[in-house]
Amino acid sequence: MNPRLLSFALALFAGAASLRAQNYHVVPPPAPPPKPATLTADTAQRFAQLALACVHKEYPNKIAHAMNSDADVAPPRKLTPAFYGCYDWHSSVHGHWLLARLARTFPDASFTPAARAALQQSLTPEHIAGEVAYLKEKGRASFERPYGLAWLLQLGAELREWEAAEAQNSTNKDQLPHQLSANLHPLEQAAIERLKTWLPKLSHPVRIGEHDQTAFALGLMIDYARQSGDTGFLNLLLTKARDFYAADKDCPLAYEPSGEDFLSPCLAEADVMRRVLAPDEFARWLQTFLPQIPADGSDGWLHPEKSPDRSDPKLAHIDGLNLSRAWMLEGIASGLPKADPRLASLEKVAAAHRAAGLAAVTGEHYEGGHWLGSFAVYLVTRRGIAAHAATAGSNQ
């Protein structure tokens, strides 16, 4: 072949490969800060009080603790010194996320000084060193994997975005988010190392409606990897999502929910895939995966659920299911082309679940009060949903 033609052909091939890589792997701009217009200060105060009431409340406590000797017998505050409240480790983690998000969103609110103080009390270098040591101890390879670790990464992302926003402030820069982010960083890194070791070995997704579900955690982790610019981690997550879900079809939504679900297996899968696929590709995939979503604007295809006993820690999960369904439905809608005929039905059903879910966030029972506030804040601040629907799943 003529050397010039060969060089030209190789250049075209390299350019095409580069474009494919960009479409698949490029980290989009950081998400915009949360919009206070979607959440009133009074409602934020109520949600913040739920977290403030539990992040340092040690008992009751449900620990998932692997012991290697008598020396491992200790109270929660000694085992995991940063995240020992809110009944269990993952709820403590996302309770701190709630406080960071609301303190960032409402810097002048009456609850904000207490939220900042709680974050400072928990996220010290000494406490985080204790958390890292606990996580790395023998026999704890599956500790809080993937749910709690995914929420930990969300906390790290929130602190980093708060820090970045303050860096743009020319006067009166708030140093707290930088301090907290730096303190948390070693635990973030330990969590990422744990997940990078585990995910390549995970041969099948876990498709339940509780903590071990793979799809929901992948969604949180993909958002984190994009925000942090960790392309190696992002590529791993996108590849696993495609491997697990790209060929799925006819998800049995009518079989949901199970009696103790707080996540929808079908909707969570669709919500993670809108983060992986470009809008047109996602629209085609969704038609195969959830063909029951109507195109006529009707809302009878999925109804909110009601917890039969909000004082029961497992049965109270149903209230969280309404909240997570709402944000997943909104996320699915955000990943579709703007003219998709299913949008009206998705939006109607999302609104019904939003109303039912938010009405249940009362704090009347600690069994729900220690965690439902975080789900409510994730929903109403649209965490994880891109600012522009057209780019929500394009990776561009």
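Everything here concerns the structure above.
The rules we used
- Residues numbered from 1 in each chain as written.
- Predicted model: local features only at pLDDT ≥ 70, side-chain atom pairs only at ≥ 80, totals over all residues.
- Heavy atoms only, no water.
- Axes fitted to C-alpha atoms, helices over the stretch in contact; angles between N-to-C directions.
- Helix = DSSP H or I, 4+ residues; strand = E, 2+ residues; numbered from the N terminus.
- Parallel < 35°, antiparallel > 145°, perpendicular 65-115°, else oblique.
- Left-handed = near helix turned anticlockwise from the far one by under 90°.
- Contact = heavy atoms within 4.5 Å.
- Nonpolar A, V, L, I, M, F, W, Y, C, P; charged D, E, K, R; others polar.

**Q** How do you make sense of the packing of helix α7 (residues 147–167) against helix α9 (residues 214–228) when you look at a structure like this?
**A** The description of two helices packed together rests on the angle between their axes and the distance between the axes. For the pair α7 and α9, the least separation of the axes is 9 Å and the interaxial angle reads 30 degrees. Classified by the interaxial angle, the pair formed by α7 and α9 is roughly parallel. Note on packing geometry: the crossing formed by α7 with α9 is left-handed. Taking contact as the criterion, the partners of Tyr147, Ala150, Trp151, Leu153, Gln154, Ala157, Arg160 and Glu161 in α7 are, on α9, Phe216, Ala217, Leu220, Met221, Asp223, Tyr224, Gln227 and Ser228. In terms of residue class, the contact of α7 with α9 is made up of 10 nonpolar, 3 polar and 3 charged.

**Q** Just checking my understanding: could you explain unusual backbone geometry for this structure?
**A** Negative phi values dominate among residues other than glycine, just as trans dominates among peptide bonds. Between Tyr59 and the following residue, Pro60, the backbone shows a cis peptide bond with an omega angle of 0 degrees. Its location among the elements puts Pro60 in the loop between α2 (41–52) and α3 (76–79). The step from Glu256 to Pro257 runs through a cis peptide bond, and the omega angle for that step is -5 degrees. Structurally, Pro257 can be placed in the loop between α10 (231–245) and α11 (265–273). Positive phi values are uncommon outside glycine, yet Asp250 reaches one of about 55 degrees. Turning to its location among the elements, Asp250 is positioned in the loop between α10 and α11. Residues other than glycine seldom take positive phi values, yet Arg382 does so here, at roughly 55 degrees. Residue placement: Arg382 occurs in the segment after α16 (372–380).

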